[in-house]
Amino acid sequence: MPSKNMLPKGKRRKSVKAEYRKVRTQVEDEKVRRAEENPFADMVAEDDAGAGEDYYDVDEMMEAAKAPVDPSNPYLIITNPIGTRNEIQSEDGRRYEGLKLLESDREAIPVLDELEAEDGVRSLKAPAVAEGMRLDAYLAKALPDVSRGRVQLLIENGQVQMDGVIAKAKTKLKGGEQIEIEGEPQLEPLRAEPENIPLRVVFEDDDLAVIDKPAAMTVHAGSGSVEHNRGTLVNALLYHFGEQALANSGDPVRPGIVHRLDKETSGLIVVAKNDSTHRKLSEMFATRDLRKVYLALAHGHLREDAGTVDLPISRDLHRRIRMTTKRPGGRTARTNYRVLKRFESEYGKFTFVELHIETGRTHQIRVHLQALGHPVVGDPTYGAPHALKPANPSLPVIEPERHFLHAAELDFVHPQTGEEMELRAELPVELTALLEELQG
């Protein structure tokens, strides 16, 4: 006989499942938030650029958007013909200009270029303009040759004192504090070994190098044992440049690395050779003070010739290797696109598209193209078929060996010389061959 406390038949399972899902979602959201926190704030990677930004509400963001909106997709904001919110440039100028920072009332932090150590101790006084700043953030700006990662190591090891007391990284300055830094940071030994892997170096000088990374190469390994850290870009860099010729901000698995590319994404990636360059490049990625352009082949025909996808990105709670645009409260992400060519073939409709990202979230381009209903060719993780089957049965089935995404252009001002760098990487052979095969 059923208990008087039981719910009516047919509603029992539904009620329990709803409550369970609600609690589980809250717990998993909290886990994701903690996992995304990066202890090395100066390591601005493709998925970490802009760490520490506020989370945005999708509805509020869409209401605030002033650009016309495509009614069939409220997240696709159609802007000017070149696909950026900035003023349209002449044909001779760049198609995209990076986001411009808002003017700040704060004075610039004085850079201590000539701070000498006496008996192994460097002494400095916090200026009034540093009021309200965290100690680690101030030191990273004031000391040009010390990255924020190294500053944090110094503080964690008790090598930084403020007014005679061992300091903490998060301590807020008031201005006027006497700061003493003893010795150099004790870096962990690298957990990567040199490997003789061929590299295509697009540019190199004493401060940085730009590499045309092939597909199927991971930028750096995880924090596991050395035996599993094989075949990475870091291993190749250690062989070609040597450990002493790469910046080491304190992370034992990614010396010199400023940003990342997905394993199957080919193209340009910049590497720092010293801490000063690493810090300045990291700031450039954080402030979007550079230009990155990608080439991709997408399924179907994008309707607009140019536009901007402005849609926050979060970790997918059910498939941890994926990102998603369907969860609320994600990190802001903006991708500009411009159609280069649309074509039809025996294998379906395709769009060859150029993309410029204003933010650097994990899998950003792949997620945004999927959100438009046009996944990247060869990317089954985000909805593309594993194989391309022709309408004509006499033609072969094509199985792409990688996703069709390539970092083709990288423009920035050299952080040390001030020279304007405009670097290019041609489409790799396998993508060119696939494009030709699809076009017949």
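Sequence order sets the numbering: in each chain, residues are counted from 1 along the sequence as written. In view of the model being predicted, local features appear only for residues whose pLDDT reaches at least 70, and side-chain atom pairs are presented and counted only at 80 or more, with totals across whole chains, interfaces and linings using the full set of residues. Excluded from the side-chain calculation are hydrogens and water; included are all heavy atoms of the structure.

S.K.: How should I be thinking about the overall build of the protein in this particular structure?
M.R.: Only DSSP runs of H or I reaching four residues or more are called helices, and only runs of E reaching two or more are called strands; each is numbered from the N terminus. A count of helices and strands for the protein gives eight helices and 16 strands. Whether a residue is buried, partly exposed or exposed follows from its accessible area with a 1.4 Å probe, protein chains only, as a fraction of its type maximum: under 20%, in between, or over 50%, in that order. The burial tally for the protein puts 49% of its 440 residues in the buried class. Counting only contacts in the protein whose residues sit at least 6 apart along the sequence, the fraction spanning at least 24 positions is 70%. Here a residue-residue contact requires only that any non-hydrogen atoms of the pair lie within 4.5 Å.

S.K.: I keep staring at the pattern of salt bridges and nothing clicks. Help me out?
M.R.: Side-chain pairs of opposite charge can arise whenever the charged atoms involved come near each other. Think of a salt bridge as a Lys or Arg side-chain nitrogen and an Asp or Glu carboxyl oxygen that are within 4 Å of each other. Applying the stated rule across the entire model yields 15 salt bridges. The salt bridge partner of Arg291 is Asp411, with a shortest N-O separation of 2.6 Å. Placement of Arg291 in strand S9 (residues 291-299) and of Asp411 in strand S15 (residues 405-413) is noted, with a sequence separation of 120 residues between them. What makes Asp411 buried here is its relative accessible area of 1%.

S.K.: Any chance you could explain the sheet that holds strand S5 (residues 178-182) here in plain terms?
M.R.: Consider a sheet: its strands pair through backbone hydrogen bonds, and that pairing is either parallel or antiparallel. Ordered in space as S2-S5-S3-S4, the four strands form an open sheet in which the pairing is antiparallel. At either end of the open sheet lies a strand with only one pairing partner, and these are strand S2 (121-125) and strand S4 (165-166). Each pair of strands is called paired provided DSSP finds at least two bridges between the two strands. The pairing of strand S3 (residues 160-162) with S4 spans two bridges and is classified as antiparallel. Residue Gln161 lies in a different strand from S4, and its bridge partner there is Ile166.

S.K.: I'm lost on helix H4 (residues 148-156) in this one. Help?
M.R.: Counting buried residues in H4 gives seven out of nine residues, a clear majority hidden from the surface. When we look at burial in H4, the residues that qualify are Gly149, Arg150, Val151, Gln152, Leu153, Leu154 and Ile155. Packing partners of the buried residues in H4 comprise helix H3 (135-142), S3, S5 and helix H6 (275-286). Note on H4: the residue one or two positions beyond its end, Gly158, has a positive phi of about 75°.

S.K.: What exactly am I supposed to notice about the pairing of strand S8 (residues 266-272) here?
M.R.: Extensive coverage of S8 is indicated by the burial of seven of its seven residues. The pairing of strand S7 (residues 208-213) with S8 spans six bridges and is classified as antiparallel. For Ala209, the partnering residue across the bridge sits in S8 and is Val271. Pairing of S8 with S15, which is carried by two bridges, proceeds in the parallel orientation. Across the sheet, Gly267 pairs through a bridge with Ala407, a residue of S15.

S.K.: How should I be thinking about the packing of H3 against H4 in this particular structure?
M.R.: The description of two helices packed together rests on the angle between their axes and the distance between the axes. Every axis corresponds to a line fitted to the C-alpha atoms, with the helix fit spanning only the stretch in contact, and the corresponding angles, defined between N-to-C directions, vary from 0 to 180 degrees. With their axes 9 Å apart at the nearest point, H3 and H4 run at an angle of 130° to one another. On the basis of the axis angle, H3 is oblique to H4. The two elements H3 and H4 cross, and the hand of that crossing is right-handed. Seen from H3, the contacting residues are Leu135, Asp136, Ala137, Leu139 and Ala140; seen from H4, they are Arg148, Val151, Gln152 and Ile155. Among the residues making up the contact of H3 with H4, the classes are represented as six nonpolar, one polar and two charged. If an angle is under 35 degrees, it is roughly parallel; if it is over 145, roughly antiparallel; if it lies from 65 to 115, roughly perpendicular; otherwise it is oblique. The handedness criterion is simple: a crossing whose near helix is rotated anticlockwise from the far helix by less than a right angle is left-handed, and one whose near helix is rotated clockwise is right-handed. For this classification, Asp, Glu, Lys and Arg are treated as charged, while Ala, Val, Leu, Ile, Met, Phe, Trp, Tyr, Cys and Pro are nonpolar and the rest, including Gly, are polar.

S.K.: How should I be thinking about the nonpolar core in this particular structure?
M.R.: Within soluble globular proteins, side chains that are nonpolar tend to cluster in buried spots. Among buried residues, those of type Ala, Val, Leu, Ile, Met, Phe, Trp, Tyr and Cys that are joined through side-chain atoms within 4.5 Å constitute a nonpolar core. If you look at the biggest cluster of nonpolar residues, it comprises 50 residues, and the most contacted ones within it are Ile211, Leu233, Leu237, Leu297, Phe404 and Leu438. Look past the residues within four positions of Phe404 in its chain and what remains in contact with it is Leu295, Ala296, Leu297, Phe352, Val376, Val377, Leu427, Leu431, Leu434 and Leu435.

S.K.: Which parts of the structure should I look at to understand the packing of aromatic side chains?
M.R.: By convention here, two paired aromatic rings are described through the distance between centres and the angle between planes. To pair, rings of Phe, Tyr and Trp, with the six-membered ring standing in for Trp, must have centres within 6.5 Å; the planes then decide the type, stacked if under 30 degrees apart, edge-to-face if over 60, and tilted in the middle. If you walk through the whole model with that rule in mind, you get two aromatic pairs. Judged by centre distance (6.1 Å) and plane angle (80°), the ring pair of Phe352 and Phe404 falls under edge-to-face. Linking Phe352 in strand S14 (residues 348-357) with Phe404 in the loop between helix H7 (364-371) and S15, this pair joins segments that are 52 residues apart in sequence. Of the two residues, Phe352 and Phe404, both sit in the buried class.

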